[in-house]
Each structure stands twice: as structure tokens, then as C-alpha cells.
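Each chain is listed here by its residues.
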Amino acid sequence: MSDWIKRDEQSIWHPFTQLVNGFEHIMVEKAEGAYLYTSDGRKILDAISSWWVNLHGHSHPAIAKAVAEQALNLEHVIFAGFTHEPAITLAENLLSILPPNQSKIFYSDNGSTANEVALKMAFQYWYNKGQQKRTKVIAFEGAYHGDTFGAMSVGDRGPFSAPFSPFLFDVEFLPMPTEENKQEVVDQFQHLVAANEVAAFIFEPLILGSAGMKMYTAEILDELIQFAQAHETICIADEVFTGFGRTGKYFASDYLAHKPDIFCLSKGLTGGAMALGVTSCTEKIMDAYKSADIMKTFFHGHSFTANPIACAAANASFHLLKSSDTQEKISKINQLHLEFYELLKLHKAVENCRVLGTILALDIKTKEVTSYVNEVRHKLYPYFLERNILLRPLGNVIYILPPYIITEKELKRVYKEVLGLLDSFQ
Ligand SMILES: *Cc1c(COP(=O)(O)O)cnc(C)c1O
């Protein structure tokens, strides 16, 4: 046994990892572009952007340079009472691509905290306005908004949250809208919202990522947002996963006519290099906090709020994202996905194939229902790793969401291995 395996086992508790004997983590020594280089000499193609965060490839020189320069100049400073250029520039950069109704940027340090901030911002908005009855929240069944308590409360009540269910606050869960249940969901939603007690409606726009890349239409979401906003319910778009080009546009909400009131961003924000979270809001929301009354202050912050190194990484990633080169790459991935989709939809082992921007997902037909704990998962993950491709299926759902720098040849290699696996299921 290698020395590091023992050291890792003796000292580290890994996330989302069942503690059973004999599980070996893979040691990554270096990463570059779309590849992870392991200690046993393998070169693994990262087809899921390392937990959906990477945009421009690993160890990108422009981001690395921005990080190094920032670290040598100002590595961190308390963000209450002080400010700095990387945070101001990043706020301006983000506001330049967010919908025009977004007017202020609040920083935190990951996706869960971005959502916690959004919920607290919405709840206190009503508190500050003296409307004590506005305490309800609407979310979708199966949603994922993070692993902290507020984020867990508005997320899927399944195996992951079961041990904590007595500690989670009440939420009105509606099924994700589909062609079949559409009218039912709209009716339930309108019934809840019309009582004027719903503080906020939180959703992952167009795609429930962790639930298994489940997609729904912009039309129906638009209809829900329009009704919610007519009743002043605050609409929170959790774009932690969908932001920064993943869906083919800067934000999934760019597909909507009615713009959400609050946006949550993280994952791709720094190009996947540093931990950073953002919650943006409208002027109207912020106005409810402008007061001489100290009780109307938003008392929320983290030690590493707006960390300058993370902001510098985000600014470097922003410039890469806006370049025509990256935009062409995003379109190209989408085009290749759509071609592969045509092939997949005829495959006997495939159910419900779908594409949105740079995301392609399919369900493998199994006897069990589609879910994270579906047994088939234990076969899929090693299957691809043995072929030096990193794909991390959610149950029987296989999805591909590569860093944008992946080449046509590399992407076609991923497709080929996916097809090979599917053929083995026939
Ligand atoms: C990953 C994710 C989160 C949580 O972000 P963390 O940085 O892992 O806390 C929240 N919402 C969505 C939609 C996500 O995909």
C-alpha cells in the first residue's frame, strides 16, 4: 500500500463518501486543461468539470497568474469597514452580465452560503417591512441548494437530509413541472402564493442538477415567476450550477422573460479555482435595509467574505468567459452534444436523453426507479474510470458537462465510451 493511502486514511474524512474499509481515493498530483494526472501515472479526462466548477480547464495560466499576483499584493482583509479593488471590479463585472434588475452584490464563500444569504435576505426583507405573516417558502421536490441547514431545508427531503429532518424548517414543496403535471403545479403554486404569505420561491432555473439533471421549460418557470412577482413573493434563482455559460447563455435565467429578484452564484464563478459565493439582489430588496434602525441591518458575514485572491481568480475567469473564443467553444460543445443526442435517442438502453447548453444527460433504462441510490451507479463510475474518464453518474443518470476547453476529439472519446457502456446494457 502506498504511503499516502495510509496517511489519507488515517487523517482525512472525505465528503459524500461512505466510510467502508478498502476504499481507495485516487491521488491527483497535477491537473492541466481537461486532464487530471494521477500518482500511478494515469491521465484522466475530466468530463464533469470537477464537481461542475471548472470552466476553462485546470490550472489555467491566466487564473493562476491573477491568483499569484493578488496573493503577493493583498491576500485578505476584513470586508466590514474595508473594501478592495478585486471585489469592486468583480461586482461591476457581474452586474454587467446579470439581468438589469440586479443592482447589488453580496459576497460569501460557497454555493450553500450564497443560498443561505439569499434566504435570510428574503426573510429579513419582510421582517424589516413589518410583515410578520410572510414566512412561507416554496421550493421544488428533489431540489439541491447545498448542505447547510437553510439550504438543506429548501432541498430534497430524501436519504441525504433524513438524519436532520427534525431540525429543518417547513417548506411548501411542489413537484418539478413537466408536460404532464404542468397545470396541477401552476394551480398549487397560485393557490399558495395568492394568500400573500409566501416570502420566497427558490429554484434551480431550468435544470435540477443534483436531482439527476432533470430539465423543465423556461415557459413554465416564467409563468410561475410572473405570478409570484405580481404578489411580491421574492424569486430566488439558485444559479450556483447553471451560471457562467453552463446552459449555453451566461445564466439560465437569460432564457426567462421575467427576471428573478435574487441570484445565487458560486461553482464556475472563479473558473473553479477558488471558493467564492455571490448573492445578488435588486435595489428594491436592498432598500428595505436602508435605515437608521440597527435592527434592520443585515447581520451576516463570513471571515473570508470577498477574499481578494478568490475575487482576482473570478475576474480572470470572467475575461476568459467573455472572450469570443470561449463563447465559440460553448456553442461547439452544444452542437456536438446535439449531434450525439440524435444518436442516443434511438438507443435501446437510453431513456429521456436531454441537452441544455454544455450539459448532456441520459437515463439508463433499469428495472429500478431513477435515483441517486440506484444500484447501477456502482457499475458506471468504475467503468469510466477504468477507461481514464471521469464521469460521476447520479444513480442511473449519466451526464457530461466538460470544461469549455475540451476538444472535439476529446469529447468524442467520452461519447464513444458512453456508447460502449450503453451497448453492454442491451
Ligand atoms: C453545488 C450546488 C450548491 C451548493 O454549493 P456548494 O459550493 O457545494 O456549497 C447549491 N446549489 C446548486 C444548484 C448546486 O449545484
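The structure displayed is predicted, hence computed values, not measured ones.

Asks: How would you explain the overall build of the chain if you had to name every residue and give the values?
Replies: Within the chain one finds 13 helices and 16 strands. Its C-alpha atoms give the chain a radius of gyration of 22 Å, within 12% of the compact-globule value 22 Å for 426 residues. When the backbone C-alpha atoms are referred to their principal axes, the chain occupies close to 60 × 55 × 45 Å. With 426 residues in all, the chain has 51% of them scored as buried. In the chain, the proportion of contacts linking residues at least 24 apart, taken out of those at least 6 apart, comes to 69%. Carbon and sulfur atoms make up 56% of the accessible area of the chain, which amounts to about 19,700 Å² in all.

Asks: A description of the sheet that holds strand β5 (residues 136–140) should follow, citing residues and the corresponding values.
Replies: One open sheet holds the seven strands; their spatial order is β4-β12-β11-β10-β7-β5-β6, and the pairing between them is mixed. Bordering the open sheet on either side are β4 (104–108) and β6 (172–174), each of which pairs with just one other strand. Strand-to-strand, the axes of this sheet are offset by a mean angle of 20°, without reference to chain direction. In terms of strand pairing, β5 meets β6 through three bridges, oriented parallel. Note that in β6 the partner of Phe140 across the bridge is Leu174. The sheet contacts of helix α8 (residues 218–230) involve β5, β7 (198–203) and β10 (234–238), and relative to β7 the element is tilted by about 160°.

Asks: An account of the site of the ligand is requested, with residue identities and associated values reported.
Replies: Residues in close proximity to the ligand total 13 residues, the closest being Gly111, Ser112, His145, Asp238 and Lys267. Note that an oxygen atom of the ligand is positioned 3.4 Å from one of the side-chain N or O atoms of Asn110. Starting from 380 Å² of accessible surface for the ligand in isolation, the protein chains cover 83%. It is helix α5 (residues 111–128) that contributes the most residues to the shell around the ligand, three residues altogether.

Asks: For the pairing of β10, give the residues involved together with the corresponding values.
Replies: Counting buried residues in β10 gives five out of five residues, a clear majority hidden from the surface. Covered by surrounding structure in β10 are Ile234, Ile236 and Asp238 together with Cys235 and Ala237, the residues of both alternating faces. Examined bridge by bridge, β7 and β10 share four bridges and lie parallel to one another. In the sheet register, Ala200 faces β10, and the bridge partner there is Ile234.

Asks: Got a sec to walk through the nonpolar core? Specific residues and values, please.
Replies: Generally speaking, a soluble globular protein has its nonpolar side chains buried in company with each other. Core analysis: the largest hydrophobic core is formed by 96 residues, its most contacted members being Tyr107, Leu362, Leu391 and Val418. For Tyr107, the contacting residues outside a window of four places in its chain are Phe79, Ala87, Leu90, Ala91, Leu276, Gly277, Val278, Thr305, Ala306 and Cys311. Core analysis: the second largest hydrophobic core is formed by 25 residues, Ala114, Val171, Ala199 and Phe298 among them.

Asks: How would you sum up the side chain of Thr242? Please name residues and give values.
Replies: Take Thr242: it is sitting in the loop between β10 and β11 (262–265). Separated by 2.9 Å, the side chains of Thr242 and Glu239 make a polar contact.

Asks: A description of the packing of helix α7 (residues 182–194) against α8 should follow, citing residues and the corresponding values.
Replies: Where α7 meets α8, the closest approach of the two axes is 10 Å, and the angle between their N-to-C directions is 15°. When the interaxial angle is binned, α7 and α8 end up roughly parallel. The interaxial crossing formed by α7 with α8 has right-handed handedness. Two secondary-structure elements touch here, α7 through Lys182, Val186, Phe189, Gln190, Val193 and Ala194 and α8 through Ile220, Glu223, Leu224, Phe227 and Ala228. Within the contact of α7 with α8, the residues separate by chemical class into eight nonpolar, one polar and two charged.

Parameters at a glance
Residues numbered from 1 in each chain as written. Predicted model: local features only at pLDDT ≥ 70, side-chain atom pairs only at ≥ 80, totals over all residues. Heavy atoms only, no water. Helix = DSSP H or I, 4+ residues; strand = E, 2+ residues; numbered from the N terminus. Rg over C-alpha atoms; globule rule 2.2 N^0.38 Å. Buried < 20%, exposed > 50% of the residue type's maximum accessible area, 1.4 Å probe, protein only. Contact = heavy atoms within 4.5 Å. Areas by Shrake-Rupley, 256 points an atom, 1.4 Å probe, with all protein chains shown as cover. Pairing = 2+ DSSP bridges. Axes fitted to C-alpha atoms, helices over the stretch in contact; angles between N-to-C directions. Near = heavy atom within 4 Å. Polar contact = N/O pair within 3.5 Å; in protein donor to acceptor, adjacent residues only side chain to side chain. Core = buried A, V, L, I, M, F, W, Y, C linked by side-chain atoms within 4.5 Å. Parallel < 35°, antiparallel > 145°, perpendicular 65-115°, else oblique. Left-handed = near helix turned anticlockwise from the far one by under 90°. Nonpolar A, V, L, I, M, F, W, Y, C, P; charged D, E, K, R; others polar.

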